[in-house]
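Per-entry structural report
Spelled out from the first residue to the last, the chains are:
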Amino acid sequence: MLRERLKNLYLYRHALWDMAVKQLEAKYTTSFLGILWAIITPLLIMSVISFVFTVIFKVAIKNFPLFILSGIYPWLFFSSGLSEASATILNKQTILRQFNLPREILPLSSCLSSFLNFLIGWLVIYPIFLFFNPKIILYLPLLILILLLHFVFLCGLSLSLSILNIFFRDVEHLLGTVLMFWLWMTPVFYSIEMVPEEFRWLCNLNPMTSYIIYYGDVMYRAVIPNFTTVISVFLWGFLSIISGWLLFLRLEAKILKRI
Amino acid sequence: MEQIVFNDLWGMYRIKFVVDRKPTWENFWALKGLTFKINQGEAVGIIGENGAGKSTVLKMIAGMLKPDRGHVKVLGKISGLLELGAGFQTELTGSENIYLIAGLFGSSPSQIESIYDDIVSFADIGKFINAPVKCYSQGMFVRLAFAIAINMDSDILLIDDTLAVGDEHFQKKCIRKIFELKEQGKTIVFVTHDMNMLRRICQRVIFLKDGQIIKDGPVDQVVPLYAQTSGAKEGVAILKKGPLNIVFNNGRLLFNWDGQLLTPGLGGHTILAIENKYYSSVQADWTIEKQSENKLFATGKFEQFDVTQVWELELDKDLGLKWEVGINSALDVQISECQANIMLSNSYTHWFTGIEDGMFPIIDEISKGWQSFLEGNISRKVIGTESAAALELNIPSLFFEQSGTFSSSKVQVFNSDYVNNCRLLQYKVASLNILSMFQPNLTNIFSGKISFAITDKEKYLQHLNQDFLLTCGELRLIFTNGMATLSCKGLNLTKNSHLNTSLYVDGKWYDSNSGHWEFKKEAQNKIIGYGSWAGLALKQIWEFEINNDTGFLWKVWLEVSKEVNIQQERLQFMCAGDYRHYSSDYGEGDFSDTFLETESDMLQRCIPAGTIGLTSPEKQLPDLNLFFPEKDGNFAKILNADFYHKARLLRIEKINPEEKTIRMPGRYQSFAVETKLNAARQLIKKKFSPAVEKGKLKFIFDQGRGNIFWNGQELTKKLGLYTSLRSAGRWYDSASSAVWKIEGQDNHAMRARGRWFHLAITQFWEMILQGEGVIELKVSLQVKDKIAVERLQTNLMLSERYTHWLSEKQNGTFPLFTADITDDWQQIYCVPENNKFIGVSTSTDKKKHLPKVLFSPLISNSGWFLHILNSDLYHRGRVLQYLNTQAAIMEPGEYSYAHCRISIDAKTDV
């Protein structure tokens, strides 16, 4: 059955792509700066946070702005991607009522749209990192790997949340707060070393931790991520997508009456 | 091959009801155990009331909903229009949305490319295809959405009653496309409330009610069941007998024969024109009072107006339904028309009225639209239809007759357009006079009967039409609201208003076709008609008698009940334009080929009595001759009708002189005319007109016109010697506006008196032949009543062979004729007052020579002078004229009009 679904999804790949691109366009066509916002936002955040943490909190991390950027940029992708994706089914009910397409397309196209947005930003941000640390070019393949895995992780969570949202509208409301909470739980503004030993397990429990550490390894520290990080990243990715999809399939029949 | 299979399918909605802020959840079972199969290529309709579960079924097929119990199996790709506007991005253009939506349907870009042009042309929104969708009108939106859905190359097409939006042109396109898809073997599932559309598209219909299938079968069986059970319950009633089942459903009558529906769409219904807008009976709210098993009264009230219509329906044992319509309305509501219509299935192929008949052409895409088959202004007693395949299809012939007299109704038989695909029989009562006499009680405006089981069609038709049809051999007279049509061997000899009469009473014209007529058969060969007009205290009686197959007798009487002022009476035959030649005792000729804006008098004279006739070239139509005797100064005229009618008119008139217009109560004969067809030509003989001769000169006085002959050759032409005067803007000639009596005649002189009809004047002419070639004419005018005159003329029209004109001081040649028949004649020379004479002459060429003619006034009255003119192209004559152009009011009295001399071949110029 899963194979059929996959086949179906494949048939609709054009629609998937189309919707993703149109969603991206719709986001920026009406604004003046347009696509530049994909870059401006992370850079702005980076500037403010850097200022606050280095000047006010006086955190002692070398090249703090870069450190921040390497974590905050993927985080932004994840957090905004998830927020948008979880609302898709609810927002596009009419499409589900009229067309018999695989319903995964809705959250998936949203994720794809966010991913494209993410990639476009990398076109500017990667050169910035490269400028400060030309060595990272060697780790580019690893970066590509994490991008894809991160995308898969996002998709999985999106599938779950988007369908759960139909049943429990609370999901929408909670998500904002949860993400904020989650952000602080992840070593984005601080390095994992700064966390006291007793509490480090909390961070390790957080799936995003390994992703952010991986990003940091590849972009900021210019080292190969260690074995646990890599395993973690893969595991969380697959877990997310499989559970997300299964949940989606399970609850799918019921949503048709709810929308 | 099974394409859609429902197997004991149950579908439920869980609905949250909130009452006073307290929510309760209930399971609503929309579908309960549905089981059916649809095979590939079938077109199935799903009907039912609102909430029956129709849209839910479509959603189950589309896979939008999953059944709670049971299974649904669907093979093939689906497309359809279930929710309008789903998926459209309003900021994007129509073109971009096509790709988007088609993609959502599951097509790849290359597939979309191949159907893109089809979609754009089907949607037909022009250049707006490149504009953002948010600025589309609803109609454009639907067209685009539907265009995409229908061109998707899917195996199954689902339509959820969205064809209702969109104009007729679009609906036609959709139907055509759906038929195309059917031919390609696509399966169609169509949910609708439009039974007519349903019949066009689907052969099989599933009737749902409360989630269950009530009936699943052929469209002609299921739809009647639906019609019976749907609609406001108080407005539904059934009358049954034998195979006939009549359903009255809220303003429409549906006829079923052995379970088959004979009336699609609106069936039997009425349409009222209220305040110039049309309202059909289905738009009213109805209640029913059933009197007995076979009789009921249905009362329908329109919401917006205080207009109530009551239908009385009674089914008798011979399967005939009596249908009477009465209307009750407030006095200030203006109802100008009432139609009683029956819409019939297109299985009916032939129609007949007992007088004419025809076949309904097949309705297909290329047929233009509504067509009617009967002449616009006639009425008939009955319209019947039958089906060529009556036996195979088990369709009874249907007779729709109107009872009683029908002078104010017009009958029509229609073939509908492609969208409606039906036949329509109509009785239209459209007489403002009748309908405005409403009082606050019920007024019966239509009374009819619909019969289904007539076994002997010919006998029945003959029986119904007997009061309206007189035949003998091939000769036929048909009587219908105030007219009689004449035909012979199937050819119509008359047209438009055919044989009719008119009365000019108290300053108003009353035509027979505006009156109320009752015709009765008195004997095998005689029909009498009684006509009356609202507001006139008289009745006109027509008696038609046919004795052989070549002619008939028509007598007209007036029965006056109260003193009336009758100024003119008229009897007219309006004959077919194929009659090209007219003849009478006073002359003959050909009708002109062009019809002018007004009627034109062909002979330009009043024919007192005798025969007038028409013939057509190559004997296309039989010769038509009318004989009428002298009576009360009646006279006949032969005219070419106006541009609108394009007919030939034979008219017999009676103009009562001023003193004699008042009629006391009593019976008066107005006219007695004998009509003969193809009578031998010699019956019309040229009446011998009185003449005087002296030597080579011969002068003939022909009813107000003088003709001059010299040595046997006529010197005058067409209008000859005549007088004419203009009063109040109209011309009155001595020949065409007056009737003459010879008062005295001897060898060389003649005296005649003419009486004009429209003016209270007479003229007295003295014509004396003197010497060699001299005619002395003395005209005096007697005015009975004050008239205003603008011109007085004495004219002599001479042959066009006269090429030169002359006067005392000047001369010249005549130019070519240029004036058209409606133009003024060309003035050649306006002679100064002291000239004594004018004349014409020809060249001295022996062959063309005609004697010189001189015209001179013997007493020159002041204000009168001579003119020389060229007439128009029709008359082609040279005119010598003595006239007075001083406008004046002439008091009653005797006036000297003219005293002049006409000299022929005078040697001197004096």
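Quantities reported herein were computed from a predicted structural model and do not represent experimental measurements.

What counts as what
Residues numbered from 1 in each chain as written. Chains lettered and ligands numbered in written order. Predicted model: local features only at pLDDT ≥ 70, side-chain atom pairs only at ≥ 80, totals over all residues. Heavy atoms only, no water. 1 Å grid on protein atoms, 1.4 Å probe; cavity = no way out; pocket = protein on both sides within 12 Å on 5 of 7 lines; lining within 4 Å. Points joined across faces, edges and corners; volume = space filled by probe spheres on them. Nonpolar A, V, L, I, M, F, W, Y, C, P; charged D, E, K, R; others polar. Contact = heavy atoms within 4.5 Å. Buried area = accessible area lost by both parts, 1.4 Å probe. Salt bridge = Lys/Arg side-chain N within 4 Å of Asp/Glu carboxyl O. Polar contact = N/O pair within 3.5 Å; in protein donor to acceptor, adjacent residues only side chain to side chain. Helix = DSSP H or I, 4+ residues; strand = E, 2+ residues; numbered from the N terminus. Pairing = 2+ DSSP bridges. Axes fitted to C-alpha atoms, helices over the stretch in contact; angles between N-to-C directions. Parallel < 35°, antiparallel > 145°, perpendicular 65-115°, else oblique. Left-handed = near helix turned anticlockwise from the far one by under 90°. Buried < 20%, exposed > 50% of the residue type's maximum accessible area, 1.4 Å probe, protein only. Arc of directions from axis to C-beta. Core = buried A, V, L, I, M, F, W, Y, C linked by side-chain atoms within 4.5 Å. Phe/Tyr/Trp six-rings, centres within 6.5 Å; stacked < 30°, edge-to-face > 60°. Lys NZ or Arg CZ within 6 Å of the ring centre and 35° of its normal.

Residues and elements named next belong to chain B. Estimated volume of the largest pocket: approximately 1800 Å³. In this structure, the largest pocket is lined by 49 residues; those nearest its centre are Asp601, Gln604, Trp731, Asp733 and Ser736. Here the lining of the largest pocket is built from residues that sort into 17 nonpolar, 18 polar and 14 charged.

The figure often quoted for interface size is the accessible area lost as the parts come together. With 24 residues of chain B in contact, the opposing surface of chain A contributes 18 residues. Taking both sides of the interface into account, the surface hidden between chain B and chain A amounts to around 2000 Å²; carbon and sulfur atoms contribute 61%. Considering only the side of chain B, the residues that lose the most area to chain A are B:Met64, B:Glu83 and B:Leu104, jointly responsible for 32% of the buried surface there. Counting every contact that joins chain B to chain A gives zero salt bridges. Seen at the junction of chain B and chain A, the total is two residue pairs in polar contact (both at pLDDT 80 or more). For the side of chain B that touches chain A, the elements supplying multiple residues, two or more each, are strand 5 (78–81) and helix 2 (94–104) of chain B.

All names here are of chain B. A sheet is described by the order of its strands in space; here nine strands give the open sequence 16-17-18-19-28-25-24-21-22, paired in antiparallel fashion. Looking along the sheet, the strands with just one partner apiece sit at the ends: strand 16 (285–292) and strand 22 (357–359). Each strand of the sheet is rotated relative to its neighbour by a mean of 15°, with strand direction disregarded. Pairing between strand 21 (residues 350–352) and strand 24 (residues 382–386): three bridges, direction antiparallel. Each bridged residue has a counterpart across the sheet, and for Phe352 the counterpart in strand 24 is Gly384. Docked against the sheet, helix 10 (residues 457–465) engages strand 21, strand 24, strand 25 (398–402) and strand 28 (443–451), running at close to 5° with respect to strand 25.

All names here are of chain A. Axis separation between helix 4 (residues 64–91) and helix 10 (residues 207–221) bottoms out at 9 Å; the angle between their running directions is 135°. Between helix 4 and helix 10, the crossing angle belongs to the class labelled oblique. Crossing geometry of helix 4 relative to helix 10 is assigned as right-handed. For the pair helix 4 and helix 10, contact is made by Leu66, Phe67, Ser70, Gly71, Pro74, Trp75 and Phe78 and by Met208, Ile212, Tyr215, Gly216, Met219, Tyr220 and Arg221, respectively. When grouped by side-chain class, the residues that make up the contact of helix 4 with helix 10 number ten nonpolar, three polar and one charged.

Residues and elements named next belong to chain B. Inspection of every chain in the model, using the stated rule, returns 33 salt bridges over all chains. Linking Lys322 and Glu314 is a salt bridge whose minimum nitrogen-to-oxygen distance equals 3.8 Å. Of the residues examined, Lys322 reaches a relative accessible area of 28% and is grouped as partly exposed. With a relative accessible area of 30%, Glu314 lands in the partly exposed category. Residues Asp702 and Arg605 are paired through a salt bridge, measuring 3.3 Å at the closest nitrogen-oxygen approach. Residue Asp702 is found in the loop between strand 50 (697–701) and strand 51 (706–710), and its partner Arg605 is found in the loop between strand 42 (600–601) and strand 43 (610–615); the two are separated by 97 residues along the sequence.

All names here are of chain B. Every buried residue of helix 10 is listed here: Tyr460, Leu461, Leu464 and Asn465. Burial along helix 10 is one-sided: seen end-on, the buried residues are contained in an arc of 120°. Set apart from the buried face of helix 10 by more than 90 degrees, the exposed residues are Glu458, Lys459, Gln462 and His463.

A few words on the nonpolar core. Nonpolar side chains tend to gather and get buried jointly when the protein is soluble and globular. Of all hydrophobic cores here, the largest spans 138 residues; its most connected members are A:Phe78, A:Trp122, A:Leu143, A:Phe189, B:Ile148 and B:Leu198. Looking at this core, the element that brings in the most residues is helix 4 of chain A, giving 14 residues. Those residues in contact with A:Phe189 that lie beyond four places of it in its chain are A:Ile49, A:Phe53, A:Phe64, A:Phe67, A:Ile68, A:Ile72, A:Leu183 and A:Trp184. By size, the runner-up hydrophobic cluster in this structure holds 55 residues, among which are B:Phe468, B:Leu477, B:Trp533 and B:Ala576.

Here we take up the environment of A:Val152. Residue and element names in this part refer to chain A. Among the secondary structure elements, Val152 is positioned in helix 7 (residues 140–167). Val152 sits in the partly exposed class, given a relative accessible area of 27%. As a C-alpha pair, Val152 and Ile242 span 90 residues in sequence and 9.9 Å in three-dimensional space. Contact partners of Val152, with chain neighbours within four places excluded, come to Gly237, Ser240 and Ile241.

To continue, consider the packing of aromatic side chains. Residues and elements named next belong to chain B. Taken as a whole and judged by the stated rule, the model has 66 aromatic pairs over all chains. Taken together through their ring pairs, the aromatic side chains of Phe479, Trp517, Phe519, Trp533, Trp542, Phe544, Phe552, Trp554 and Phe573 make up a single cluster. Above the ring of Phe671, the side-chain terminus of Lys654 is found at 5.4 Å from the ring centroid. Across from the ring centre of Tyr668, 4.7 Å away, lies the NZ or CZ of Arg663, which sits over that ring.

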